[in-house]
Every structure is written in structure tokens, then in C-alpha cells.
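Listed below, chain by chain, are the residues.
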Amino acid sequence: MMATTFTHTNIRREDLPEGDEINMCEAMDRLFQKFENQGMEKGKREEKQNTLKEQLKVKLGILSSSLENQLTNTSLEKLNELTLNIFNVTSEEDVLKIIN
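To start, this report covers the structure provided alongside it. (Residues numbered from 1 in each chain as written. Predicted model: local features only at pLDDT ≥ 70, side-chain atom pairs only at ≥ 80, totals over all residues. Heavy atoms only, no water.)

## Some remarks on the packing of helix α4 (residues 76–84) against helix α5 (residues 92–99)
- For the pair α4 and α5, the least separation of the axes is 9 Å and the interaxial angle reads 135 degrees. As judged from the angle between their axes, α4 and α5 are oblique. In this structure, α4 meets α5 at a crossing whose hand is right-handed. Two secondary-structure elements touch here, α4 through K78, E81 and L82 and α5 through V95, I98 and I99.
- A class-by-class count of the residues in the contact of α4 with α5 yields four nonpolar, no polar and two charged. (Axes fitted to C-alpha atoms, helices over the stretch in contact; angles between N-to-C directions. Helix = DSSP H or I, 4+ residues; strand = E, 2+ residues; numbered from the N terminus. Parallel < 35°, antiparallel > 145°, perpendicular 65-115°, else oblique. Left-handed = near helix turned anticlockwise from the far one by under 90°. Contact = heavy atoms within 4.5 Å. Nonpolar A, V, L, I, M, F, W, Y, C, P; charged D, E, K, R; others polar.)

Here you go:
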């Protein structure tokens, strides 16, 4: 449980590999890898959002703040789907059909 205290995370007993002991170096490596993966995923999503917003502004003109907000809150999976269908988009309604 020292790992929980030091890392300010919620490590549960059932998550421990064997009994109640864990190699602290291994635990820290896993924790850092998890944070790195989360950061990379967040970065990919934000970059995709920004690129799509710029492309849609070129294609449609002005984007409503409502659509911009929805794009900000859309999953990476839906953003990827929108990317694949960008040439079929002619209106904000088309975008909404894809991301909702």
C-alpha cells in the first residue's frame, strides 16, 4: 500500500501480481507507461480535433460554437470516422450524423 501513498493512485490489492507485495520499480514503470499512453492518446485526439475543425472551416465556412464544442467532446473513434468521410460532408448536419 506504500505504492498507493507515494504515487497518489488507487492500487487495489486484487491488482497486485502476487499477494500483497509489488516491486516498486516495476510498479512505477507501469504507472509511468500508463500516464504516457494516456497523454499520447489525448494528444492524438486533440490534434485530430484541431485538424478537423480547420478542414471543416475551409469546407463549410464558419463552424457554429455548438459544433465546435461537440467536436471537442467527440471520441477519437468518431473523429477518425469523420476524417474518412470528410469529402462527403456538405453541412454541419452531415458532421452531426457522423459523430452522433
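## Some thoughts on the pattern of salt bridges
- One pass over the full model with this rule turns up four salt bridges.
- Linking E54 and K57 is a salt bridge whose minimum nitrogen-to-oxygen distance equals 3.9 Å. Here K57 and E54 lie together in helix α2 (residues 24–60), a separation of three residues that amounts to about one turn.
- Given the relative accessible area of 32%, K57 is considered partly exposed.
- Here E81 and K78 are joined by a salt bridge, their closest N and O atoms 3.8 Å apart. (Salt bridge = Lys/Arg side-chain N within 4 Å of Asp/Glu carboxyl O. Buried < 20%, exposed > 50% of the residue type's maximum accessible area, 1.4 Å probe, protein only.)

## Thoughts on α5
- D94, V95, I98 and I99 are the residues of α5 that are buried. Angular distribution of buried residues about the axis of α5 spans 125 degrees; they occupy a single face of the element. In α5, the exposed positions that point more than 90 degrees away from the buried face belong to E93 and K97.
- Packing partners of the buried residues in α5 comprise α2, α3 (65–72) and α4. (Arc of directions from axis to C-beta.)

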